[in-house]
Amino acid sequence: MTANHRPVHIVVDSTADLIPEWIGDLPISAVPLTVDVDGQSFLDGIDLSTDEFVGYLRGGSIPKTSQPSIGAFQEHYQKILDTGHDIVSIHISPKLSGTLNSATQARATLDTEAIHIVDSATITMAIGFMAIEAAEMAQAGKSAAEIAAYVEQRRHDTRLFATLETLEYLRRGGRIGRAAAMLGSALQLKPIIRIQDGVVEPVQRVRTYKKALQRLSAIYAETQPFEKLAVLHLGAPDEAALLAERIQEVQPDVNLITGQIGTVIGAYGGPGLVGFTGLVRSS
Amino acid sequence: MVSRNTSSDQNSTSNSLEFNWDGQETTRALRAVVHGFEANVSSINALNVFPVPDGDTGTNMHLTLKAAISELDNHPDGQPERYDEVMKVITRGALMGARGNSGVILYQIISGLNTGASGAEVLDSETMVRGLNSAAELAYKAVTNPVEGTMLTVIREVASACEKHPGETLLETLATARKAAEVAVAATPDQLPVLRQAGVVDAGGQGLLAIFTALEQFASDDLDTTGMTLVSDPPASFATDMHFLDQAEMIHGMDEFGYCINFAVAGDDLESSGLRAALDALGQSTVVVGDATMCKVHTHSNRPGLILEAALMFGDIHNVRIDNMRSQTEQLLSERHAVADGRKEPAAPTGDPESALGIGIVAVAAGDGVSEALTGLGADVIVAGGATMNPSTGEIRDAIASLNREQVIVLPNDSNIIASARQAAELSDVDVRVVPTRSIQQCIGALTAFNFDAALDDNVAAMEAAAGDVRALAVTRAQRDAVIDGLEFRTGEFMGVLDGKPCVSGSDAVSTVRHLFQNASVQNHELATIFIGDSADETLEETIVELLEQEFPDLEFEVTTGNQPHYDLLIALE
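A short tour of the structure in this document, coming up. Here the structure is a predicted model, which means the values were calculated and not measured. (Residues numbered from 1 in each chain as written. Chains lettered and ligands numbered in written order. Predicted model: local features only at pLDDT ≥ 70, side-chain atom pairs only at ≥ 80, totals over all residues. Heavy atoms only, no water.)

A look at the environment of G266 of chain A
Residue and element names in this part refer to chain A.
Now for step 1: Topologically, G266 is positioned in helix 10 (residues 263-269).
Now for step 2: Its relative accessible area of 0% is what places G266 among the buried residues.
Now for step 3: Along the backbone, G266 and T124 are 142 residues apart, and their C-alpha atoms lie at a distance of 9.8 Å. (Helix = DSSP H or I, 4+ residues; strand = E, 2+ residues; numbered from the N terminus. Buried < 20%, exposed > 50% of the residue type's maximum accessible area, 1.4 Å probe, protein only.)

Here you go:
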């Protein structure tokens, strides 16, 4: 352990959908985004459970999300800097959220070179996985610069594929991108999307949920092996379990966790979202 | 060589025997062929294997011939003087106007004659033989899996007979050709079991026979340009073919006469020439076909009563059918316009202008609801057409060109349109692939499988595979009495069609659907998408959904208005 630099703390935003068990005693913390539903404001991942949130969505509520304020980042960073740590701050793709922008402006107000901000170019647990690896590197004594450089490489290994019950939430949220080409069908369709280079991309349409799950496991087979893998869903535990089972058939030794996405990502994916995300072996 | 003197004595056919055809004479011969063919359209249309509403071979061949000739009419340099020039022009016309499989093969035959014409100022026996040989060769090459007992066999037999017994004169060679065609057509049921089972000869072959017959008659100066006498008797379906709603009227529906009048005149000693002259004076496009005991009459007039009265002077009249052409034409036009308007709508709202640069998709469909569904699934342009109105090569090519994309996928959605789609692909400047979908149902599978980011080849492979996974169920009405695999179909009764093959007959739509589902091994599928057609009873939608949900609880159903013609129901089982 080379000690000629300060120890490093990893900061993410709440869209990393960190699963508490992952964190343990790793030096990692999250700044929450805000989700507004039915006139109430909630901190993502703190004030509102995913199940309650799904209830709102199923009831027809249209949520709004907002990035953390510059001040929220400023405060968070200041506390960490005060403990003598450098910071690697890893965030949701700036093509999907202004969070990274808030972080960058907060750093500017602090006038420090101790904060390294990295665009994850992805969302949800794919950010979480990278953050965990970064925190492990921090624990192993790597410098902030080394860790930031690593994450900037590692983000090319993130994969995320999901099927949505509807594209409506993406459309309403203005995050649909090229997947707009899949809108407008008179017949029911299950779209399959992916996150690529930080944006939502259309992959394919199928007609039924069963086919979508089949297709997702086929995509998994083409994409594997994964070093880190999560099956994610929003309010669809049975379907997620089914997908996990399929994936395990493809890669029996895979270490897989199943988790729900948070409220902010959920506001765009909508209930019924099922997919997988993770990190493949570095090429 | 000089051209035959067309004003020569009608009785002196021997005079014309020595004469070959220059460009102008060939043009006259071709016009006679088109006219002569028209009289055979409905009887050729009647020769369909399955009694489903399908591609009318007679109509398709006639339209292809007409397109070939109209290229001559529009020729900027006037009527060509040389035979080879005429062939060059009409080959182009046939290429763009080819409709249906028979039209595409007919184009290949014309193209072969054109190859044989190279350098020939006039058409003589030798040139004809040379042309027929390359026609046969090209026609076979055009078909991926040539099947014997079809028009391919007929053109090959004709070429081979003319090669073995070339006449000294063009007329002799044409006579040999006609005879060989007759023999070959009669033999088609022995070569193709489906024909034997249906009790018909091959329709495309019969079409070729009509062409060779007209050519021989023109050469022998025996042709009356107002009417055609078929050398062979009309097929046994002579009387019954009157019941067919063939589409012959649609193609000449634009003239000024409102009614298309068809009937037969029977008598002991019919004066067909007198009958023809009398009707000619009263109507337009008059065709009188037959012998001294019975003639079939087809004419257009605004006063059908006068026509019938005049015919009564010659004999008894039978099987009268009078159609209002104007309303038929309007219906066809409005159907086409509706779809054409639909194609102007953007395929889908796109947030990113770059998405316009991807692969374009052209699909053939009939019915507003069906077209809308395909557009929603990603088809960029719909070409109006389907089983009973096959679009031409030119129409498909224009649709491809309208997309302005570098890569285009064409979905023909009918087995009879695949060939013209392939031809349109060859004619296009951009990279065009045909995914050979045989039904709207397969098209839904194929479109759904389209992958926005995949390369053209990968998409074509995925779409072909997905199309193959869809089972195509359909409910229609039998167009004639028929027995298929021991199953009896009666005209007008419901008929269940599974993957293009009639397999269920029924007195009502609901029981037909039920049996159809039972035949389709439903347990392997999860979703049935049902398009309700224009001919369907209003209550059908509700009744079948209730029934099917009860009987097949594991299956999902999606019902939508298809407005497709002829088919009460189209069902895609995925």
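Brief notes about the pattern of salt bridges
Now for step 1: Tallied over the entire structure, the rule returns 31 salt bridges over all chains.
Now for step 2: Between R397 of chain B and D398 of chain B there is a salt bridge; the shortest N-O distance is 3.1 Å.
Now for step 3: Given the relative accessible area of 24%, R397 of chain B is considered partly exposed.
Now for step 4: A salt bridge links D499 of chain B to R471 of chain B, with the nearest nitrogen and oxygen atoms 2.8 Å apart. Here R471 of chain B lies in strand 9 (residues 471-477) and D499 of chain B lies in the loop between strand 12 (494-498) and strand 13 (501-506), a separation of 28 residues in the sequence.
Now for step 5: Within this structure, E133, R154, D157, E227, K228 and R281 of chain A form a network of salt bridges that share partners. (Salt bridge = Lys/Arg side-chain N within 4 Å of Asp/Glu carboxyl O.)

Considering empty space enclosed by the protein
Residue and element names in this part refer to chain B.
Now for step 1: The tally for this structure, following the rule as stated, stands at five cavities of 30 Å³ or more.
Now for step 2: Of the volumes computed, that of the largest cavity is approximately 260 Å³.
Now for step 3: Around the largest cavity, the lining is made up of 21 residues, and of these L30, I110, L113, I211 and L215 lie nearest the centre.
Now for step 4: Only helix 2 (23-38), helix 5 (83-97), helix 6 (100-117), helix 7 (125-142) and helix 11 (203-219) provide two or more residues apiece to the lining of the largest cavity. (1 Å grid on protein atoms, 1.4 Å probe; cavity = no way out; pocket = protein on both sides within 12 Å on 5 of 7 lines; lining within 4 Å. Points joined across faces, edges and corners; volume = space filled by probe spheres on them.)

Things to note about the interface of chain B and chain A
Now for step 1: Every contact between the two is made by 26 residues of chain B and, on the other side, 23 residues of chain A.
Now for step 2: Across the interface of chain B and chain A, roughly 2,200 Å² is buried in total on both sides, 52% from carbon and sulfur atoms.
Now for step 3: One can count two salt bridges joining chain B with chain A.
Now for step 4: The partner of R207 of chain A in a salt bridge is E574 of chain B, with the nearest N and O atoms 2.9 Å apart.
Now for step 5: Here chain B is connected to chain A by eight residue pairs in polar contact (both at pLDDT 80 or more).
Now for step 6: Among the secondary structure elements, those contributing two or more residues to the side of chain B that touches chain A are helix 16 (368-376), helix 19 (440-449), strand 14 (527-532) and strand 15 (556-561) of chain B.
Now for step 7: Of all the elements, helix 19 of chain B adds the most residues to the side of chain B that touches chain A, at four residues. (Contact = heavy atoms within 4.5 Å. Buried area = accessible area lost by both parts, 1.4 Å probe. Polar contact = N/O pair within 3.5 Å; in protein donor to acceptor, adjacent residues only side chain to side chain.)

Some remarks on the sheet that holds strand 11 (residues 226-233) of chain A
All names here are of chain A.
Now for step 1: As summarised here, the arrangement of the six strands in space is 10-9-8-13-11-12, forming an open sheet in which the pairing is mixed. Every other strand in the sheet has two partners, leaving strand 10 (199-206) and strand 12 (256-260) as the edge strands with one partner each. Averaged over all adjacent pairs, the angle separating strand axes in this sheet is 20°, with direction ignored.
Now for step 2: As paired elements, strand 9 (residues 190-196) and strand 10 share seven bridges and run antiparallel to each other. (Pairing = 2+ DSSP bridges. Axes fitted to C-alpha atoms, helices over the stretch in contact; angles between N-to-C directions.)

Some points on the side chain of D414 of chain B
Residues and elements named next belong to chain B.
Now for step 1: With respect to the secondary-structure elements, D414 resides in the loop between strand 7 (407-411) and helix 18 (418-427).
Now for step 2: It turns out D414 is buried and unbridged, and the closest side chain with the opposite charge, R438, is 7.9 Å from it.
Now for step 3: Excluding its chain neighbours within four sequence positions, the residues that come into contact with D414 are G386, A387, N390, T437, R438 and S439. (Lys, Arg positive; Asp, Glu negative; His and termini not counted.)

Structural notes on the packing of aromatic side chains
All names here are of chain A.
Now for step 1: What the rule picks out here adds up to ten aromatic pairs over all chains.
Now for step 2: With a centroid separation of 6.3 Å and an interplanar angle of 50°, the aromatic rings of F42 and Y56 are classed as tilted. Taken together, the residues span a long stretch of sequence, with F42 in strand 4 (residues 40-43) and Y56 in helix 2 (residues 50-58) at a distance of 14 residues.
Now for step 3: The interplanar angle of 80° and the centroid separation of 5.4 Å between the aromatic rings of Y220 and F276 together place this pair among those described as edge-to-face. Here Y220 is found in helix 8 (residues 209-223), whereas its partner F276 is found in strand 13 (residues 274-280), with 56 residues between them in sequence.
Now for step 4: The class of Y220 is buried, set by a relative accessible area of 0%.
Now for step 5: The structure contains a cluster of three or more aromatic residues connected by ring pairs, namely F161, Y220, F226 and F276.
Now for step 6: For the cation-ring pair, R172 lies above Y169, with the distance from its terminal atom to the ring centre recorded as 4.9 Å. (Phe/Tyr/Trp six-rings, centres within 6.5 Å; stacked < 30°, edge-to-face > 60°. Lys NZ or Arg CZ within 6 Å of the ring centre and 35° of its normal.)

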